[in-house]
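# Descriptive structure summary
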There are 2 protein chains.
Amino acid sequence: MWGGMTKERTGARMDIDSLAQSIIAGERRALARAITLVESTHPDHRQAATDLLQKLTGCGREAIRIGLSGTPGVGKSTFIESFGLMLVEQGLRVAVLAVDPSSQRTGGSILGDKTRMEQLSRSPAAFIRPSPSKSHLGGVARRTREAVALCEAAGFDVVLIETVGVGQSETVVAELSDIFLLLLAPAGGDELQGVKRGIMEVADIILVNKADGELKAAATRTCADYAGALRLLRRRPQDPSGFPKAMTVSALDHSGLEQTWAEITTLVDWRRDQGHWAARRAAQARHWFEEEVRQTLLARLAQPAIRAAMSELSDQAASGQITATRAAQDLFARLWPEITTAAAPESLDDTADTP
Amino acid sequence: MWGGMTKERTGARMDIDSLAQSIIAGERRALARAITLVESTHPDHRQAATDLLQKLTGCGREAIRIGLSGTPGVGKSTFIESFGLMLVEQGLRVAVLAVDPSSQRTGGSILGDKTRMEQLSRSPAAFIRPSPSKSHLGGVARRTREAVALCEAAGFDVVLIETVGVGQSETVVAELSDIFLLLLAPAGGDELQGVKRGIMEVADIILVNKADGELKAAATRTCADYAGALRLLRRRPQDPSGFPKAMTVSALDHSGLEQTWAEITTLVDWRRDQGHWAARRAAQARHWFEEEVRQTLLARLAQPAIRAAMSELSDQAASGQITATRAAQDLFARLWPEITTAAAPESLDDTADTP
């Protein structure tokens with residue numbers, strides 16, 4: 001299934017340079033191996049992943065990164081299968097990655113990822129990677145961000161990043177994507193309120209799926225409702241006239257898929273021309289840099305000496321001897337004095353009173 | 001409105017000891033002033049707040065902390081007004097605090113907080129504190145946690161912590177509460193899905209409000225639906241038989257309020273007897289200690305030298321010269337070498353391959 005392997009592992013050393021070359025040469029096995037590397041939390045692997053990504057940064061390849069969100073049951077897999085195959089038929093190479101925060105609870109990747117998209121997964125022009133196993137959303141985000149960069153370096157034209165609509169994960173995926181699609185099911189007008197405003201605001205195109213058979217009329221109505229809701233949102237500078245927009249699609253009878261792609265390319269071309277594309281990628285790079293700094297700093301708390309001290313102070317806070325705030329203060333005073341922020345004040349007179 | 005002040009500020013120094021004594025003596029103005037102190041981000045004020053809270057820890061007073069969540073329009077203010085007045089009539093002292101993450105956007109506290117609860121705010125046995133102005137949810141959580149402790153020390157019997165139902169804030173409020181109430185409006189069965197499972201799981205009592213007039217029948221049906229949904233959830237060890245439960249109330253005609261309080265006290269008594277009460281408070285203290293450690297650590301990033309270096313590296317990441325990960329690595333290597341985690345590996349052979 002992961003075929004196309006042209007270079008055997010020798011069982012001995014493989015250095016970052018040759019891994020980078022194999023990825024650029026489009027070797028699927030090298031790509032899979034590199035993604036496994038970025039998923040690893042082992043410090044040596046982290047360093048190797050960082051070096052690999054830095055090396056690939058200069059290769060100049062850029063995919064269209066499409067985020068796709070939708071609640072369970074809305075037909076995401078069927079849509080990706082149909083949409084992905086349509087792109088492949090147009091001669092494009094398509095990678096599919098998943099951000100599934102719920103895999104944290106189930107303790108493993110979605111077993112069904114490849115069976116869910118059976119035809120697409122058999123295509124030599126497609127690459128499907130399931131969600132990594134248990135990790136917090138922050139960790140999943142870093143891994144997905146790095147996996148996207150690997151897929152770009154490997155020459156994929158489109159990288160689809162799928163997530164289940166459960167709140168925070170959409171925000172993460174929006175920060176990874178150039179274009180964000182929101183897939184919805186036909187529904188009564190009441191359910192419009194079920195889509196949170198924050199998610200509406202990151203969507204570039206709302207796709208009302210299942211516009212076929214009995215549901216076709218409901219899908220058309222729902223689409224009109226969302227189109228109306230989108231018109232109420234403030235115009236974003238990165239949108240040409242008419243965007244964000246709502247459309248109906250049917251992953252089942254393949255209607256609306258080519259129109260979806262046409263709208264995406266219209267949006268991509270416009271944003272590239274107007275400089276919004278590069279501006280968004282730059283803003284995302286800043287965001288992920290800051291996030292990486294925060295995560296690296298917090299990872300320090302996992303060190304044995306700090307964990308031991310935290311455990312002791314946590315016991316004291318739990319027993320009610322000291323407040324949580326004082327316990328934290330004690331930790332820094334003991335182990336990391338340069339973090340301690342303040343001396344005791346002489347007076348509180350500058351505290352504003354609330355009348 | 002904030003009456004009951006028995007001690008004038010002299011305009012000169014007020015030390016932490018006398019502030020603590022005034023709070024314990026039940027002086028409302030001292031309580032208001034102390035809450036302003038814990039809301040301040042000035043380092044001297046933070047230290048004073050930490051000292052004050054540590055001093056009050058030993059006073060041994062404990063309130064019933066009730067978290068209350070519900071979407072806008074469900075009637076939270078009217079419920080708190082009716083429920084709070086009912087408690088006051090029973091001779092209890094009631095404090096109301098709000099966690100409103102949206103005040104971050106509107107840039108200020110909810111002006112309406114006191115007008116919304118007009119009668120309750122006039123009661124000498126009640127204390128209502130609006131949401132603090134702009135701050136991130138983490139900051140609001142710390143402030144609210146500390147304000148709750150201040151209200152307990154001031155001798156309030158019940159502390160109501162209100163939040164708008166917008167996802168994360170419920171989780172925060174649940175970590176601050178002994179009992180969590182979810183207030184819902186009567187609705188069709190379809191909207192059941194609109195309540196996220198995670199929120200159902202923290203609720204101790206679901207209250208279907210507006211069980212009056214035309215909506216009474218719908219409220220009864222909705223209540224039955226939620227009762228059914230609650231039965232599908234896994235039994236939690238901290239619940240006696242019959243909990244979590246769903247009930248109808250009407251804040252308008254005051255029905256169901258006394259029953260709600262009776263259910264709360266049943267739950268409180270059972271949890272105290274069984275040791276769950278103390279266990280939950282201890283677990284919460286551990287949670288907030290860890291959160292405080294994380295926030296203190298991240299606050300370090302605001303220091304001028306680090307901000308300057310971050311700004312420069314952020315520019316490099318934005319321009320595409322270096323990856324976000326490498327930029328973060330460079331930051332720590334430059335300013336905080338003890339955070340740097342790893343040396344370059346000789347070999348990747350221990351990287352597991354994904355076949």
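Residues numbered from 1 in each chain as written. Chains lettered and ligands numbered in written order. Predicted model: local features only at pLDDT ≥ 70, side-chain atom pairs only at ≥ 80, totals over all residues. Heavy atoms only, no water.

### Re unusual backbone geometry
All names here are of chain A. For clarity, the cut-off: For the purposes of this entry, the term helix denotes a DSSP run of H or I that reaches at least four residues, the term strand denotes a run of E that reaches at least two, and both are numbered from the N terminus.
Between Phe243 and Pro244 the backbone carries a cis peptide bond, its omega angle lying at -10 degrees. Here Pro244 lies in the loop between α11 (216-232) and β7 (245-248). Unlike most non-glycine residues, His254 shows phi in positive territory, near 65 degrees. Tracing the backbone shows His254 in the loop between β7 and α12 (257-274).

### Notes on the domain arrangement of chain A
Residue and element names in this part refer to chain A. Stated formally: Where each domain begins and ends follows an automated or database-derived domain assignment. Should any heavy atoms of two residues lie within 4.5 Å, those residues are counted as being in contact. Here's the idea: put two parts together, see how much 1.4 Å probe accessible area each one loses, and the total over both is what we call buried area. In what follows, salt bridge is the name for a side-chain nitrogen of Lys or Arg lying within 4 Å of a carboxyl oxygen of Asp or Glu.
The assigned domain composition of chain A is domain 1 (3-57) and domain 2 (61-273). At the interface, 15 residues of domain 1 touch 18 residues of domain 2. Each partner contributes to the roughly 1400 Å² buried at the junction of domain 1 and domain 2, and carbon and sulfur atoms together form 62% of this total. Where domain 1 packs against domain 2, one counts 3 salt bridges.

### Section: the pattern of salt bridges
All names here are of chain A. Here is the rule we go by: A simple rule labels every residue: compare its accessible area, found with a 1.4 Å probe on the protein chains alone, to the largest value its type can have, and call it buried under 20%, exposed over 50%, or partly exposed in between.
Counted according to the given criterion, the structure contains 42 salt bridges over all chains. Measuring nitrogen to oxygen at the nearest pair gives 3.0 Å for the salt bridge that ties Lys55 to Asp17. Taken as a pair, Lys55 in helix α3 (residues 43-57) and Asp17 in helix α1 (residues 16-24) lie far apart in primary sequence, 38 residues in all. Its relative accessible area of 42% is what places Lys55 among the partly exposed residues. The partner of Glu152 in a salt bridge is Arg281, with the nearest N and O atoms 3.1 Å apart.

### Digging into the sheet that holds strand β5 (residues 179-184) of chain A
Each strand in a sheet pairs with another by means of backbone hydrogen bonds, the pair being arranged parallel or else antiparallel. All names here are of chain A. Spelled out, the test is: For two strands to be treated as a pair, DSSP must find no fewer than two bridges joining them. Helix axes are fitted to C-alpha atoms over the stretch in contact, other axes to C-alpha atoms as well, and angles between N-to-C directions run from 0 to 180 degrees.
Taken together, the 7 strands give an open sheet; going across it, the order is β3-β2-β4-β1-β5-β6-β7, and neighbouring strands pair in parallel fashion. Two strands in the sheet have a free side with no partner beyond their single neighbour: β3 (126-129) and β7. The average angle at which neighbouring strand axes cross in this sheet is 20 degrees, direction not considered. Bridge count for strand β1 (residues 64-70) against β5 is 4 bridges, and the pairing is parallel. Of the residues in β5, the one forming a bridge with Leu68 is Leu181.

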